[in-house]
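Coordinate inspection notes
Given next are the chains, with one letter for each unit.
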Amino acid sequence: MNLTNNFMTTTCLILAAGASERMGKPKALLPFGSEGHSFLDRIVATYNQSGFSEVVVVVNQDLFNMLEMNGFLTPLTVTFLINHFPWKGRFHSFSTGLEAIAADSYVFLQNVDNPFVDTHTLREMYVNRLPEGVVYPVFDGRKGHPVLIGPGIIRDARKFRAEDARIDSFLNTYPCRTLDTSNAGILSNINTREEYKKAFGFFPD
């Protein structure tokens, strides 16, 4: 199912440049339970299955080296960009990712530590897209991830220079639409070993 056309592109931008200090190992490479593939594998596959084949992943140098060693850098649908200054925060990673994204693109902003995205939610978010706004999935009255950002905001973000800003604060200045979903996983961020154990029942060696 291809939801894009010649006049409109849609890109998944995955932020994975953090140090994963609380986890003790890169979250992108954590196994998605016992299924045998990583968080990053699972996220990319879900977007591809949903019809969104353009994926940009922002990583730090260490993670890039690990991905290269494991042969992950070969998928033709994935573009990797290195954030050489990850200590500058997530907005810098966001800005880095925009370098590889078309000016007229809608962007799914996806955290690598939120691997529970599903195809139905992605497609419904796209159907409810806002050219100058943001679409948030909602479970039990709470906003979750990913978010779908319109091309008008992407154009503004390219010119935004306060890289110490919070992404959520930046997006909150724009119109938004919420979309109810039955997927409670949109609220789950796996940042610590305890959160991983709660989600999957074990922690990998």
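Keep in mind the model is a prediction, meaning the values are calculated, not measured.

**Considering the pattern of salt bridges**
Side-chain pairs of opposite charge can arise where the charged atoms are in close proximity. The full count for this structure, using the stated rule, is three salt bridges. Here R155 ties to E132 by a salt bridge, and the two come within 3.7 Å at their closest N and O atoms. Of this pair, R155 sits in helix α5 (residues 151–159) while E132 is found in the loop between α4 (119–127) and β5 (134–139), placing the two residues 23 residues apart along the sequence. The class for R155 is partly exposed, based on a relative accessible area of 40%. In this structure, D168 engages R166 in a salt bridge whose closest nitrogen and oxygen atoms are separated by 2.8 Å. By relative accessible area, which is 54% here, R166 ends up exposed.

**Side note on the packing of aromatic side chains**
Under the criterion given, the structure shown has 19 aromatic pairs. Measuring from centroid to centroid gives 5.5 Å for Y47 and F108, while their planes differ by 65°, and the two rings are edge-to-face. Of this pair, Y47 sits in helix α1 (residues 39–50) while F108 is found in strand β4 (residues 105–111), placing the two residues 61 residues apart along the sequence. An angle of 40° between the planes, with centres 4.7 Å apart, marks the rings of Y196 and F200 as tilted. Highlighted residues: Y196 and F200, both in helix α7 (residues 193–200), separated by four residues, approximately one helical turn. An aromatic cluster of at least three residues, connected via ring pairs, comprises F32, F39, F116, Y196, F200, F202 and F203. Above the face of the F85 ring, K88 is positioned so that its terminal group lies 4.6 Å from the ring centre.

**What to know about the layout of surface pockets**
Each pocket or cavity is described by its volume, and for the largest pocket that value is around 1100 Å³. Looking at the lining of the largest pocket, the elements with two or more residues in it are β1 (9–16), α2 (61–69), α3 (90–98), β4 and α6 (167–171). Class assignment for the residues of the lining of the largest pocket results in 17 nonpolar, 11 polar and 10 charged.

Basis of the calculations
Residues numbered from 1 in each chain as written. Predicted model: local features only at pLDDT ≥ 70, side-chain atom pairs only at ≥ 80, totals over all residues. Heavy atoms only, no water. Salt bridge = Lys/Arg side-chain N within 4 Å of Asp/Glu carboxyl O. Helix = DSSP H or I, 4+ residues; strand = E, 2+ residues; numbered from the N terminus. Buried < 20%, exposed > 50% of the residue type's maximum accessible area, 1.4 Å probe, protein only. Phe/Tyr/Trp six-rings, centres within 6.5 Å; stacked < 30°, edge-to-face > 60°. Lys NZ or Arg CZ within 6 Å of the ring centre and 35° of its normal. 1 Å grid on protein atoms, 1.4 Å probe; cavity = no way out; pocket = protein on both sides within 12 Å on 5 of 7 lines; lining within 4 Å. Points joined across faces, edges and corners; volume = space filled by probe spheres on them. Nonpolar A, V, L, I, M, F, W, Y, C, P; charged D, E, K, R; others polar.

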